[in-house]
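Each chain, written out:
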Amino acid sequence: MKENKDKSLEKIQEGKAETTHEGPVFVPTTDIYEKDDAILVRCDMPGVEEDCIDITLENSELMITGHQAAAWPEGCDLLSTEYDTGTFQRTFKVPQLIDREKIKAKLHNGVLDIELPRAEQAKPRKIEITTGG
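Remember, it's a predicted structure, so these values are computed and weren't measured experimentally. The residue numbering used here restarts from 1 in each chain and proceeds along that chain's sequence as written. It should be noted that, the model being predicted, local features are given only for residues of pLDDT at least 70 and side-chain atom pairs only at 80 or more, the latter also being counted only at that level, while totals for whole chains, interfaces and linings use all residues. Calculation of side-chain values draws on the structure's entire complement of heavy atoms; hydrogens and water are dropped beforehand.

Caption draft 1: Representation of the pattern of salt bridges in the model. The rule for a salt bridge is simple: a side-chain nitrogen of Lys or Arg has to be within 4 Å of a carboxyl oxygen of Asp or Glu. Following the criterion strictly, the structure yields five salt bridges and no others. Note that R118 and E34 form a salt bridge whose closest N and O atoms lie 2.4 Å from each other. Residue R118 is located in the segment after β8 (111-117), and its partner E34 is located in strand β2 (residues 30-34); the two are separated by 84 residues in the primary sequence. Salt-bridge contacts for E61 lead to K93; the nearest nitrogen and oxygen are separated by 3.7 Å. Residue E61 is found in strand β5 (residues 61-68), and its partner K93 is found in strand β6 (residues 87-93); the two are separated by 32 residues along the sequence. Look at E61 and you get partly exposed, because its relative accessible area is 34%. Strands here mean DSSP runs of E at least two residues long; helices mean DSSP runs of H or I at least four residues long; both are numbered from the N terminus. Each residue's exposure class comes from its accessible area (1.4 Å probe, protein chains only) as a fraction of the maximum for that residue type: buried when under 20%, exposed when over 50%, partly exposed otherwise.

What follows is the structure, encoded as structure tokens:
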């Protein structure tokens, strides 16, 4: 997480991350997979609850935003802290040929999976060859 924080701060300092949110802005580590029928985007978003995530697809831009907050144990006073909380934010360009009506997102154990199904016309298909004149 410290490496991710260092990378996030570096991106903020370079002007590559949005800083309009109060508190730190983290760039979640992300893997992108491709299947014949879909693209899968997998983001690491520890401590972010499902109702604190916003995913939008506008034109060809996929924006993922998630807010986290540390919950202090009841009846305890804070003596030391190293756990940073803030906003996760990442934006990707995606192909236009995505079936926008079938996009799915699932959060499990701090990992957000977004499945972007390809539209029918974008799916690979086998072209049959015929013989004759």
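Further notes follow.
Caption draft 2: Looking closely at the sheet that holds strand β4 (residues 48-58). Ordered by their spatial adjacency, four strands build an open sheet running β1-β6-β5-β4, and the pairing between neighbours is mixed. This sheet does not close on itself; its edge strands, each paired only once, are β1 (25-26) and β4. Paired strands are those between which DSSP finds at least two bridges. Here β1 pairs with β6 via two bridges, running parallel. For F26, the partnering residue across the bridge sits in β6 and is F88.

Caption draft 3: Quick look at the pairing of β5. Looking at chain direction, β4 and β5 are connected through seven bridges and run antiparallel. The residue bridging D54 from the neighbouring strand is T65, located in β5. The hairpin turn running from β4 into β5, its antiparallel successor, is two residues long, and N59 in that turn takes a positive phi close to 55°. Bridging between β5 and β6 involves seven bridges; their strand directions are antiparallel.

Caption draft 4: Broad picture of the nonpolar core. Residues grouped as a nonpolar core are buried Ala, Val, Leu, Ile, Met, Phe, Trp, Tyr and Cys residues, joined through side-chain atoms within 4.5 Å. Judged by nonpolar contacts, the single largest core of 16 residues is most densely connected at V41, M45, L62, I64, L112 and L116. Secondary-structure elements contributing two or more residues to this core are β3 (38-44), β4, β5, β6 and β8.

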